[in-house]
Amino acid sequence: RIIRLMRLVKLYKAYWVAMEKRKEEEARKQRLLELKPGETIPEASDSKTISEFNVRQEGEDEDDLDDENTKQEDQEEPKQETRVGKKLSDMTTRRVIVLVLVMLLVLPQFDPSGNVGISSSDFQDSAKFASSMIFERWRDWCGNSNVSVKPWCMESLATPTENQELHYRNRYELEVALLQFLHIHISGGFLFRLYWIGAMSTLWADSAYLGQLAPLNQERWLGTDLRVNSANLDTTWDTTYVRNDFYQGPVGSTIPSATKQRLINVWTEECQTAVGIVVQPEVRAMVSTGCSITEELRCSEVEYVTPLTFSSEESGTFSFVFAFDQRGFTQLEAGLSIVQTLFICFAVGVGAMTFSKDANELLLNPIERMIEKMETIKDNPLEAMRLGDLEFRREEVEEARFRDKLSQMSRPWQILYKYRHAKKYKEPMETVMLEKTIIKLGGLLALGFGEAGAEVIGQNMKVSATAGVNAMVPGSKVDAIIGFCNIRHFMEATEVLKEKVMLFVNQVGEIVHGCVDDFHGAPNRNIGDAFLVIWRLSGSSEEKQTKLADMALMSYVKIIAEINKSRILAGYRWHPGFQYRIQDFRVSMGFGLHHGWAIEGAIGSEYKIDASYLSPNVSVTAKLEAATSQFKVWMLLSHSMVHKCSHEVALSCRLIDHVTVSGSRIPMRVYTMDLDTRRIAVEEKGPDRIIRNRFKIRQLREVRKGEKMAEDYRVWDGMTNNPDVMKMRALFSEEFFQRFHMAYRNYEAGEWLAARDMLFTCHYQPRADIGRRLVQSEADWPEDGPTVTLLKFMQQRNFQAPSDWPGYRELPE
């Protein structure tokens, strides 16, 4: 094997050198074509045109290639042997010694029959027992204790009217036993396969009569209740007789459709004194003449099984005959004789496999695992995070096994086992380190590029002849829900916290990213105080898109609740710097949600790239988020986003304006979800049990995400039953929503005076003086942000709509 490997290496070197010379010759021809009149042919520089390797000339010795570089190799410093190579050589030496000793001891004792380990006795017992049981069922149906009296079924092809239901039931039990026998023995892991089934009677009936008596599923024997409809025969039999056993796996095999048809039709194939059918799906079974057993099987390849429970007097009355195909057994015998003849080759093969086992464990298996991980990362770069979790779990399991095994040892063995375990982790194999490095790099790529950079990673991970990185991969158009979040008062936070502002942003980002991920979103990009999040809809069904839209909105509601409940973020409320600059400071954010298309891909150059999304819809989402400060609300949603939500979730959103934004020429209606965060109390203590196991945390997160995507999970139910949402929505009465809706309808229709009067009454809770109280200044206006925004806009024109009022306005920057 080593010699062949060396020859392959030399062959590759020769091929590589030949290709290099070919490239040099083509380059030289190209330079000659580009020469201008009067120019001289440039001389080849030894340092640039001479190949690194020398091609072996004809007639030279095969080892000359190695001799030519001997001096250069001697001058190089000897490299230290790797731990993998050292261990592999030591284990190979031990294997050779053990193999020689085993051959010396085992070879004289070798007996081919002793190594078979497979016997047909169990199967024979199974067949004989089953045939006897089937014959007992025959006795129950048509048997007679007096063998001299002809049974009723041999007299007429019809069930007698006396005890007819009992005859039907006994016939049904007979067919059930026969079908169970057929399903179990027609195929599977047995050496013998059931090939032919027939019936015989030398005293009472001829072959033609038996051919009509034996077929299954006849109405004259089963009645209309127990007979299976021919159209449903495949489904009924497969469902009844092909089942799964808890301990042994699948029990029984599906009978071919052609065999089922032969079972229920007249049996016509005569073999000796019996008449029957072939149960195997063979072409021979379609021939109506001749005996398939004698035509297809040799005498040594067939085994006949008949019931053993009938007496000598009953032998000529009636009996089922089962013919089994023994070709598998005869082939096994032939194979064993070959193995016995070639035992020495077998021993050498075992030795080779023993030697290769060490190479597989130390080199090939780790390399294959690396390749498998690389393929996984190439197909789905986001799976790299899961690979890291699986590797962490494997390490935890190995550590638990080590502790369990250590606890079962005596003290001296514990010391030795601990030493070997510590040495294994202190000096890990280079292949193990490389495998873990691939997992870490893949995890960092997935974490850094995110879902938008999956295509860039996948394209560059594909097999290629170059090691260069091509980050400029064309983008792809996707349909998505685009979310934009922004931390308010960020400039003040930067001035107050200075270098600790990074910690502040990460604390907010942990909540934002965690809630978005819980609701199947993908955090994409952080821009200082802003976060871009995406819910991809491409390739999803309409029902799933609706659920994702609901979850996108629910994730924003969850973020708002969490940043107001967080004890860590609540600590900034009492920071002197914030109290000095902002009255009643609270960590707050603005949120924008929009649905539309975007181009997913890499943005940048060969020096630096970012995986993100480009689209006017991204700009529209950012404008919506920026407008939350104007409307004094937590979030703004576009009409395309609301229309994507379910009916219940969409009804929870309030239509507050109709605007155009820069980046979109089409007017859009803007919605919000009203939330009063003043009712959310800060958590007084953390969770009862803090989970520090990173794999356990991700596992629980995946379980939560899986539950949210279940068919029985409805986002609206989770939203209405959430205690935080109930508290934040409790302030807003149904009368408030109705009054604002009526005012907005008048505003959009150009009836601004009517809209003004109705907006003056838009208080969160009903008041006794609504409609009777005189509004004299802005101080008397309701506290609702959208209400105030619309009133101020209409106030600029003295509450008179322009003559060309289109029903919408331009959203100011």
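Here, the structure is the one placed above.
Counting of residues starts from 1 at the beginning of each chain's written sequence and follows it residue by residue. Residues qualify for local features only when their pLDDT is at least 70, as the model is predicted, and side-chain atom pairs are given and counted only at 80 or more; totals for whole chains, interfaces and linings, by contrast, use all residues. Excluding hydrogens and water, the side-chain values take into account all heavy atoms of the structure.

> With reference to specific residues and values, describe the overall build of the protein chain.
Per the convention used, a helix needs a DSSP run of H or I reaching at least four residues, while a strand needs a run of E reaching at least two, with both numbered from the N terminus. Within the protein chain one finds 33 helices and 16 strands. Note on classification: 1.4 Å probe, protein chains only; a residue is buried when its accessible area is under 20% of the maximum for its type, exposed when over 50%, partly exposed between these limits. Counting across all 813 residues of the protein chain, residues that qualify as buried make up 40%. Across the protein chain, contacts joining residues at least 24 apart in sequence account for 72% of those joining residues at least 6 apart. Per-residue and other accessible areas were derived by the Shrake-Rupley procedure at a 1.4 Å probe size, with only the shown protein chains allowed to occlude residues. Of the roughly 48000 Å² that the protein chain leaves accessible, carbon and sulfur atoms contribute 54%. Note on definitions: a residue-residue contact is assigned when non-hydrogen atoms from the two residues lie within 4.5 Å.

> Break down the pattern of salt bridges for me, citing the residues and quoting the values.
The salt bridge criterion pairs a side-chain nitrogen of Lys or Arg with a carboxyl oxygen of Asp or Glu, the two atoms within 4 Å. On inspection of all chains with the given rule, the structure shows 28 salt bridges. Across the pair Arg 654 and Asp 784 runs a salt bridge whose closest N-O atoms are separated by 2.9 Å. In this pair, Arg 654 sits in strand E14 (residues 654-660) while Asp 784 sits in the loop between helix H32 (752-759) and helix H33 (785-795), placing the two residues 130 residues apart along the sequence. You can call Asp 784 buried: its relative accessible area is 1%. In this structure, the salt-bridge partner of Arg 809 is Asp 657, at a minimum N-O distance of 2.7 Å. On the criterion of sequence distance, the pair formed by Arg 809 in strand E16 (residues 809-810) and Asp 657 in strand E14 is long-range, its members being 152 residues apart.

> Help me get a handle on the sheet that holds strand E6 (residues 302-305), residues and values and all.
Adjacent strands of a sheet pair through backbone hydrogen bonds, lying either parallel or antiparallel. Strands were regarded as paired on the criterion that DSSP finds at least two bridges between them. Read from one edge to the other, the open sheet built from five strands follows the order E4-E5-E1-E7-E6, with strand pairing classed as antiparallel. What marks the edges here is a single partner per strand, and that holds for strand E4 (269-271) and E6. Taken pair by pair, the neighbouring strands of this sheet meet at an average axis angle of 35 degrees, ignoring direction. One ladder, built from four bridges, connects E6 with strand E7 (residues 319-325); its direction is antiparallel. Counted as the bridge partner of Val 305 is Phe 322 from E7. Between N-to-C directions, angles span 0 to 180 degrees; the directions come from axes that are lines fitted to C-alpha atoms, helices contributing only their stretch in contact. The sheet strands contacting helix H8 (residues 164-185) are strand E1 (193-200) and E7, and the helix crosses E1 at an angle near 155 degrees.

> An account of the side chain of Asp 529 is requested, with residue identities and associated values reported.
Secondary-structure assignment places Asp 529 in the loop between strand E9 (522-527) and strand E10 (530-536). Counting rule for charge: Lys and Arg are taken as positive, Asp and Glu as negative, and neither His nor the chain ends is counted. Buried charge without a salt bridge: Asp 529, with Arg 488 as the nearest opposite-charge side chain at an N-O distance of 9.6 Å. When residues no more than four places from it in sequence are discounted, the contact partners of Asp 529 are Cys 485, Asn 486, Ile 487 and Phe 490.

> Outline the state of the cysteines, listing residues and values.
Every disulfide links exactly two cysteines, by a covalent bond between their sulfur atoms. Cysteine sulfur atoms are paired as a disulfide whenever they fall within 2.5 Å. For the coordinates displayed, the defined rule picks out two disulfides. In this model, Cys 142 is linked to Cys 153 through a disulfide, with the two sulfur atoms separated by 1.7 Å. Measuring handedness by torsion sign, the sulfur bridge of Cys 142 and Cys 153 sits at about -100 degrees and is left-handed. Within this pair, whereas Cys 142 is found in helix H6 (residues 121-142), its partner Cys 153 is found in helix H7 (residues 152-155), the two being separated by eleven residues in sequence. Neither Cys 142 nor Cys 153 differs from the other in exposure class; each is buried. Put simply, Cys 271 and Cys 291 are joined by a disulfide, and their sulfur atoms are 1.9 Å apart. Measuring the twist about the S-S bond at about 110 degrees, one finds the Cys 271-Cys 291 disulfide to be right-handed. Taken together, the positions of Cys 271 in strand E4 and Cys 291 in the loop between strand E5 (274-278) and helix H13 (292-296) put the pair 20 residues apart, joining distant regions of the chain. Cysteine pairing for the protein chain, with bonded cysteines counted in sequence order: 1-2, 3-4.

> Help me get a handle on H33, residues and values and all.
Most of H33 sits inside the fold, with nine of its eleven residues counted as buried. Among all positions in H33, only Gly 785, Pro 786, Thr 787, Val 788, Thr 789, Leu 790, Leu 791, Phe 793 and Met 794 are buried. Elements in contact with the buried residues of H33: helix H25 (616-631), E14, helix H31 (734-749), H32 and E16.

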